[in-house]
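Structural overview
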Amino acid sequence: MKKILQIALGILTSIGGFLDVGAIATSAEAGSMFGFHLLWALILGTICVIFLVEMAGRIAAVSKHTLMDAVREHFGFRFQFILLCAEIGIDFLVLASEIGGICIALQLVTGVDFQWWALPVAFCIWLLIWKGTFGLIENGVAFLGLVSLVFVIATFKLHPSLTKLGAGLLPTLPQQDTAHYLFIAVSILGAVISPYLFYFYSSGGREDKWDEGYIGVNRGVAAVGMSFGSVVSLCVLIVAALVLQPKGIQVDSYQQAALMLTQPLGYWGFLLFAATLGIACLGAALEICLDTAYIVSQVFGWNWGASVRPKEAARFSLVYTVFVFLASLLMVIGLDPLKLTLFSMALTAVILPLEIFPFLILMNDERYVGKYRNGWISNSVVIFTIALAFVLAIFSIPLELIAGG
Amino acid sequence: MRSLSLASLALLLLLNACSSKSSADESQELETITSWVATAQMAGSAWSQGNVPTVYAQQTLSQAQQKLHKETDTLANSSTNSTRLHPILEQLRLLESNVSQMAQAVKQKNYTTMSQHLKQLSTQKQALSTLAKTVGGQ
Amino acid sequence: MDVIRDVLDHQLVDRNQKKMGRVDGIVVELRDGQPPRLTYIEVGMPALARRLHPRFEHWIAALQSKWGARRGETFRIPWSQVSDFGIGGVDVVVDLEAEATPALAWEKWLREQIISRIPGASS
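We now turn to the structure provided with this report. Computed from a prediction, not measured in an experiment: that's the story for all the values here.

1. Overview of the sheet that holds strand β4 (residues 37-43) of chain C
All names here are of chain C. As summarised here, the arrangement of the three strands in space is β3-β4-β5, forming an open sheet in which the pairing is antiparallel. Across the chains shown, the open sheet's two edge strands, defined by having one partner strand only, are β3 (25-29) and β5 (75-78). Within this sheet the neighbouring strands show an average axis-to-axis angle of 30°, counted without direction. Pairing between β3 and β4: five bridges, direction antiparallel. Across the sheet, Ile26 pairs through a bridge with Ile41, a residue of β4.

2. Section: the sheet that holds strand β7 (residues 92-94) of chain C
Residue and element names in this part refer to chain C. With respect to topology, four strands assemble into an open sheet ordered β2-β1-β7-β6, the strand pairing being mixed. With one partner strand each, in any of the chains shown, β2 (19-22) and β6 (82-84) form the two edges of the open sheet. Across this sheet, the average inter-strand angle for adjacent strands is 35°, counted without regard to direction. Judged from the three bridges that link them, strand β1 (residues 11-13) and β2 form a sheet pairing that is antiparallel. Bridge assignment links Val13 to a residue of β2, and that residue is Lys19.

3. Regarding the pairing of β5 of chain C
All names here are of chain C. Alternating positions in β5 separate cleanly, Phe75 and Ile77 being buried on one face and Arg76 and Pro78 remaining unburied on the opposite face. Alignment of β4 against β5, held across four bridges, turns out to be antiparallel. Each residue of the ladder has a partner; that of Glu42, found in β5, is Arg76.

4. A closer look at the interface of chain A and chain C
Contact residues are listed per partner, giving 28 residues for chain A and 31 residues for chain C. Counting the surface lost from both chain A and chain C, the interface buries some 2,800 Å², and carbon and sulfur atoms represent 57% of this. Considering only the surface of chain A that becomes buried against chain C, Glu73, Lys311 and Arg315 of chain A emerge as the three largest contributors, covering 23% of it. Taken together, the links from chain A to chain C amount to four salt bridges. The salt bridge partner of Arg72 of chain A is Asp9 of chain C, with a shortest N-O separation of 2.6 Å.

5. A word on the nonpolar core
Counting 193 residues, the largest nonpolar core has Leu38, Ile125, Phe198 and Met260 of chain A as its most contacted members. Per element, the largest residue contribution to this core is 19 residues, and it comes from helix α4 (residues 67-110) of chain A. Each residue touching Ile125 of chain A, except ones within four places of it in the same chain, is listed here: Ile99, Ile102, Leu282, Ala285, Leu286, Cys289 and Val324 of chain A. Grouped together as the second largest cluster of nonpolar side chains are 18 residues, Leu38, Ile41, Trp79 and Leu104 of chain C included.

6. Some details on the pattern of salt bridges
Taken as a whole and judged by the stated rule, the model has 17 salt bridges over all chains. Taken together, the salt bridges that share partners define one network made up of Arg72 of chain A together with Asp9, Asp24 and Arg51 of chain C.

7. Some points on the interface of chain A and chain B
In this complex, chain A contributes 34 residues to the contact, which on the side of chain B involves 29 residues. Between chain A and chain B, the buried area comes to about 2,700 Å², and carbon and sulfur atoms account for 61% of it. On the surface where chain A and chain B come into contact, there are zero salt bridges. Linking chain A with chain B are nine residue pairs in polar contact (both at pLDDT 80 or more). Of all elements in the fold, only α4, α11 (215-244), α12 (254-257), α13 (262-300), α15 (337-363) and α17 (376-403) of chain A reach the threshold of two or more residues within the side of chain A that touches chain B. For the side of chain A that touches chain B, the per-class residue count stands at 17 nonpolar, 13 polar and four charged.

8. Details of the environment of Gln65 of chain B
All names here are of chain B. Its location among the elements puts Gln65 in helix α3 (residues 54-78). For Gln65, a relative accessible area of 21% gives the class partly exposed. Sequence separation of Gln65 and Val52 is 13 residues, and the distance between their C-alpha atoms is 18 Å. In this view, Gln65 contacts Glu96, Val99 and Ser100; residues no more than four positions away in its chain are not counted. A distance of 3.0 Å separates a polar atom in the side chain of Gln65 from a polar atom in the side chain of Glu96.

9. Observations regarding unusual backbone geometry
Residues and elements named next belong to chain C. Unlike most non-glycine residues, Asp9 shows phi in positive territory, near 75°. Of note, Asp9 is situated in the loop between α1 (3-6) and β1. On the basis of relative accessibility, which here comes to 2%, the residue Asp9 falls in the buried class. The residue Gln17 is not glycine, and still its phi comes out positive at about 65°. Along the chain, the position of Gln17 falls in the loop between β1 and β2. What makes Gln17 exposed here is its relative accessible area of 51%.

10. Some thoughts on the packing of aromatic side chains
Residues and elements named next belong to chain B. Tallied over the entire structure, the rule returns 21 aromatic pairs over all chains. Taking 4.3 Å as the distance between ring centres and 5° as the angle between the ring planes, the aromatic pair formed by Trp47 and Tyr111 counts as stacked. Taken as a pair, Trp47 in helix α2 (residues 26-48) and Tyr111 in helix α5 (residues 111-137) lie far apart in primary sequence, 64 residues in all. By relative accessible area, which is 1% here, Trp47 ends up buried.

11. Some points on the packing of helix α3 (residues 39-63) of chain A against helix α10 (residues 195-207) of chain A
All names here are of chain A. Packing of α3 against α10 brings their axes to within 8 Å, and their N-to-C directions diverge by 35°. Every pair of crossing elements has a handedness; the one defined by α3 and α10 is right-handed. Contacts between α3 and α10 involve Val49, Leu52, Val53, Ala56, Gly57 and Ala60 from the first element and Leu197, Phe198, Tyr201, Ser202, Gly205 and Arg206 from the second. Looking at the contact of α3 with α10 residue by residue, the class counts come to eight nonpolar, three polar and one charged.

12. Looking at a nonpolar patch on the surface
Residues and elements named next belong to chain A. On the surface, a cluster of nonpolar side chains totalling about 320 Å² of accessible area is made up of Leu119, Val322, Leu326 and Leu329. Take the nonpolar patch: its biggest share by element is three residues, from helix α14 (residues 314-332). One can find Leu329 in helix α14.

13. Some words on the side chain of Ser32 of chain A
Take Ser32 of chain A: it is sitting in helix α2 (residues 21-34). Those residues in contact with Ser32 of chain A, other than ones at most four positions away along the chain, are Ala240, Ala241, Leu244, Gln245, Ile249, Gln250 and Val251 of chain A.

14. A closer look at the packing of α2 of chain A against α15 of chain A
Residue and element names in this part refer to chain A. Here α2 crosses α15 at 100°, and the two axes come no closer than 9 Å. What the angle tells us is that α2 and α15 run roughly perpendicular. For the pair α2 and α15, the contacting residues are Val21, Gly22, Ala25, Thr26 and Glu29 in the first and Leu338, Thr341, Leu342 and Met345 in the second. When the residues that make up the contact of α2 with α15 are grouped by side-chain class, the tally is five nonpolar, three polar and one charged.

Scoring rules and cut-offs
- Residues numbered from 1 in each chain as written.
- Chains lettered and ligands numbered in written order.
- Predicted model: local features only at pLDDT ≥ 70, side-chain atom pairs only at ≥ 80, totals over all residues.
- Heavy atoms only, no water.
- Pairing = 2+ DSSP bridges.
- Helix = DSSP H or I, 4+ residues; strand = E, 2+ residues; numbered from the N terminus.
- Axes fitted to C-alpha atoms, helices over the stretch in contact; angles between N-to-C directions.
- Buried < 20%, exposed > 50% of the residue type's maximum accessible area, 1.4 Å probe, protein only.
- Contact = heavy atoms within 4.5 Å.
- Buried area = accessible area lost by both parts, 1.4 Å probe.
- Salt bridge = Lys/Arg side-chain N within 4 Å of Asp/Glu carboxyl O.
- Core = buried A, V, L, I, M, F, W, Y, C linked by side-chain atoms within 4.5 Å.
- Polar contact = N/O pair within 3.5 Å; in protein donor to acceptor, adjacent residues only side chain to side chain.
- Nonpolar A, V, L, I, M, F, W, Y, C, P; charged D, E, K, R; others polar.
- Phe/Tyr/Trp six-rings, centres within 6.5 Å; stacked < 30°, edge-to-face > 60°.
- Left-handed = near helix turned anticlockwise from the far one by under 90°.
- Patch = residues over 30% accessible without salt bridge, like charges linked within 9 Å, V, L, I, M, F, W, Y side chains within 5 Å.
- Areas by Shrake-Rupley, 256 points an atom, 1.4 Å probe, with all protein chains shown as cover.
- Parallel < 35°, antiparallel > 145°, perpendicular 65-115°, else oblique.

What follows is the structure, encoded as structure tokens:
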């Protein structure tokens, strides 16, 4: 019974964890510009992330190590230093994007410009981590995150054509805007396969003191939770494709995306879009802040934990405190939140090989995972997806920058 | 050291991507214009039906007006052959003023003028797309 | 035993399982005609910086001795005080009280000077 409850809770958490500013922005952009044509990227990313999240939980449960612990022990400090810098850099940009998402949600409802919200929002995020415990943060956000199911309801109300949906599952190249199409495909992959998720998930496994008995729970949570999360992202894409694309609206600001639920759901649609954006970004922002503090502390061997009182983990607390306020400054100076989001997601795809390949080596090392080693299926799925994302990113990011973002 | 310089390069590129927009071809400009006209149309009619808050409609309409203004300027300056684009530019100026009047109507909560402007907008939009086709066909 | 694999970079904890850093460096004594002997393990930023580039060690040490906790030197723990270490990823345990060692000097300084002055730090 306890295990069932845990699975249910874990699945709920994953829906919140999956849906963030990156997922919403890339799906909205993809649907409004290319209809159903980019569905394949979302599905491919989801399959890959299911395998990766399961691995991150497995290594925590079996080896009693978080992913970062294991990387430092196995690969030494020099390699890890590079990895740490890359991950902190990406976390910084993504956190700024998430804060931007919350600020935009507040702007949609109040009309007050998003730049003004950046510092108050950063303060609230900080306060929640400072005072809250791991369980409160995870479960609270998870329950609120159910509001995102509004996109599923909207999809049903719009009656999408199943044959067209099916056609979108096969990768195709469009007649025009090929460079932008590939850029958005890369951004989708980067948004779905977020590295912070794995470090966070394996740290969470340690915080909850997982052992080998949790292998099954972990597998269920990863597979079902990530799939549910992905369904919501799919619905964002479908709604954007059905509402915005026929009108010729191409999302290049959140203001435009905010209209997509007003057609099927009226005023409530508008409010629930803002609520979903705000809550999903809040959940992700909390996770990224904690993740950064986790990995820095784990690299240097400091005491860490979301439920530990700040006094008992002073350096850990200092990291997230400084980090969240610094990241919010990118919004204070008024960078375009949507462009920053899409760009950070594509950049994530570039550094994925650096993050994922050491991870795969560990998952095939008996000293860490014993008999729970990876099988060939999980290895090949992950290698294929990461390689594809990397190659596409290397080609499409320069093209996108030349075209002027 | 190398990772540091790479990181700063990435940051430079990022700032560039987020701040400036370099020259793009006409058809892309026209796509952006169509997108913002459609946004103004959708936001305006959503406001008329009470589906979005007034403050949001006002902001979105003035954002659309700014974008239209900017894209019109880019088109006017970028093209070597501006006589060819002249009818389009003319139409765009009309569209822009219509959108700014829509923003006014939202501000004054005047639903009757809004519905007039919306009707105008949809004819103007159609005229624009016809013009774009004839110019693009040359 | 394989020092690089089983000791270097592993989590360091004190006798009460309190985290006190990682094994950032290892000092080995080379003796004529005899096998080399492990004498110290090192903890601290300067030792880590040395592994990136030898020059960084002095920079970090100078920075750390001027600012904040003013603790620049690398903390060395004699190998004789290591009471347990793991094969296959277990923590390295030393027979010390973490709070009483320089390994936590910065943690303590931050706690007293900054963190505990922010409301709600101990609840």
